[in-house]
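A structural walkthrough
Residue strings, one per chain:
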Amino acid sequence: MKFKLTILAFASVFWWSFVAEERTLQDPLKESIVRGQSIYEDICMNCHMANGKGDGAIYPPLAQSDFLLKNRAASIRAVKYGISGKITVNGKDYYNYMADPGLSTQEVADVMNYILNTWGNKSEQIVTPEEVMLIVK
């Protein structure tokens, strides 16, 4: 009897985790955020750090970034093509060069959705590949 209950308990946990994952994967924003996190970890994290706070001197923060939230189009262009020159983030000026990371429009949308919804940032509007194409053309 204990064995049957144990099997039933494991089956229930497995089933509910599958159902929860399936529901998550049906949400386009959540799917994009998951993909964007992977891109961020591969390409962006070396400079902007795992916590999104940058280094405070050369690399600006993405965490709770007023620039990111107030300059959506400029942020998308920066992620697509890189950026150079002065930008002001949270009242501090940064003068640096970010190389073109070579991302596709889908990858730009995904990483933007990740950074716009992580580390205290919150954006209700999903970034789509179509929006990226309109902004970067």
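Refer to the structure printed above.
The sections below set out a description of the structure shown in this document. Bear in mind that the values here come from a model prediction, so they are computed numbers and not experimental data. (Residues numbered from 1 in each chain as written. Predicted model: local features only at pLDDT ≥ 70, side-chain atom pairs only at ≥ 80, totals over all residues. Heavy atoms only, no water.)

The next point concerns helix α2 (residues 28–48). Across its 21 residues, α2 extends only 25 Å between first and last C-alpha, which sits more than 12% below the 30 Å expected from 1.5 Å per residue. Residues Leu29, Ser32, Ile33, Gly36, Ile39, Tyr40, Cys44 and His48 constitute the buried set of α2. Elements that come into contact with the buried residues of α2 comprise β2 (92–98) and α5 (105–115). Measuring from the backbone nitrogen of leucine 29 back to the side-chain oxygen at the start of α2 gives 3.0 Å, which picks out aspartate 27 as the cap. Methionine 49 sits one or two positions beyond α2 and adopts a positive phi of about 70°. (Helix = DSSP H or I, 4+ residues; strand = E, 2+ residues; numbered from the N terminus. Expected span 1.5 Å × (residues − 1). Buried < 20%, exposed > 50% of the residue type's maximum accessible area, 1.4 Å probe, protein only. Contact = heavy atoms within 4.5 Å. Polar contact = N/O pair within 3.5 Å; in protein donor to acceptor, adjacent residues only side chain to side chain.)

So, about the packing of helix α4 (residues 72–81) against helix α6 (residues 129–136). Helices that pack against each other are described as a pair by the angle of their axes relative to one another and the distance between those axes. α6 packs onto α4 with a crossing angle of 90° between their chain directions and a minimal axis gap of 10 Å. For the element pair α4 / α6, the angle class is roughly perpendicular. Between α4 and α6, the residues in contact are Arg72, Ala73, Ile76, Arg77, Lys80 and Tyr81 and Glu131, Val132, Ile135 and Val136, respectively. Considering only residue class, the contact of α4 with α6 consists of 6 nonpolar, no polar and 4 charged. (Axes fitted to C-alpha atoms, helices over the stretch in contact; angles between N-to-C directions. Parallel < 35°, antiparallel > 145°, perpendicular 65-115°, else oblique. Nonpolar A, V, L, I, M, F, W, Y, C, P; charged D, E, K, R; others polar.)

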